[in-house]
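Summary of structural features
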Amino acid sequence: MIRNFRFEPDGKLSAPDWRRDRAGQTEYGPLLIVEDMRVGVHNLLTLAEDVLVMWAVDHPAVPGMMGISVIPEGKRNPACPIKYKMGLRQEVVGQLAGLEGIAGLREGSSGATMKDFPT
C-alpha cells in the first residue's frame, strides 16, 4: 500500500511511504519512499562504477601498464566516495626509474630529463 503526502491528525505533513500488507496485517514497512529511492540510486551507481572498471580492465590502452586497486571503505572521502584508484603498476614505475638514470647520462645532449615530462 502506498500513501502519498498527507496531513497527520496532529497537523504535521508526512512524506510518502509504502508498506506491504497481507491478510489485513502489515508485513513490511511502512518505509519512506524517498529513502528506498536513495538506496536504489546508490546501488545503481555502484553497479555502473563496477561495470566501467571491469570494462577498463579488459580493454587497456597499453596492456600491462596500469593497475587498479580498491580504496578501503574507511579511507574513502565521504564527500566523494571513490572506490577504485588507477595507477602505474610497480614494475612499470621501476622500469621508468631505470630509464630516468639512463636519461641522466644523456642529459647533456637534449637538456631534458625524465622530470621534465608530465606524469
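Figured I'd write up the structure that's included with this text. Since the model is a prediction, treat every value here as computed from it, not as a measurement. (Residues numbered from 1 in each chain as written. Predicted model: local features only at pLDDT ≥ 70, side-chain atom pairs only at ≥ 80, totals over all residues. Heavy atoms only, no water.)

Things to note about the overall build of the protein
Across its full length, the protein holds three helices and seven strands. Tracing the protein from N to C terminus, the helices and strands come up as β-β-β-β-β-α-β-β-α-α. In the protein, buried positions account for 10% of the 119 residues. Contacts in the protein between residues at least 24 apart in sequence constitute 14% of all its contacts with a sequence separation of at least 6. Total accessible area on the protein is roughly 10,000 Å²; 63% of this is exposed by carbon and sulfur atoms. (Helix = DSSP H or I, 4+ residues; strand = E, 2+ residues; numbered from the N terminus. Buried < 20%, exposed > 50% of the residue type's maximum accessible area, 1.4 Å probe, protein only. Contact = heavy atoms within 4.5 Å. Areas by Shrake-Rupley, 256 points an atom, 1.4 Å probe, with all protein chains shown as cover.)

Comments concerning the sheet that holds strand 4 (residues 17-22)
Strands sit in the order 1-4-5 across an open sheet of three strands; the sheet is antiparallel. Only two strands of the sheet have a single partner each, and these edge strands are strand 1 (2-3) and strand 5 (25-32). In terms of strand pairing, strand 4 meets strand 5 through five bridges, oriented antiparallel. Residue pairing across strands places R22 opposite Q25, the latter belonging to strand 5. Contacts from helix 1 (residues 33-58) reach strand 1, strand 4 and strand 5 within the one sheet, and its direction differs from that of strand 5 by about 70°. (Pairing = 2+ DSSP bridges. Axes fitted to C-alpha atoms, helices over the stretch in contact; angles between N-to-C directions.)

A closer look at helix 1
An α-helix turns once every 3.6 residues. As a result, residues three or four positions apart point the same way. Its 26 residues place the ends of helix 1 38 Å apart at the C-alpha level, agreeing with the 38 Å of an ideal helix rising 1.5 Å per residue. Residues of helix 1 that are buried: I33, D50 and V53. Elements in contact with the buried residues of helix 1: strand 1, strand 4, strand 5, strand 6 (66-70) and strand 7 (84-88). (Expected span 1.5 Å × (residues − 1).)

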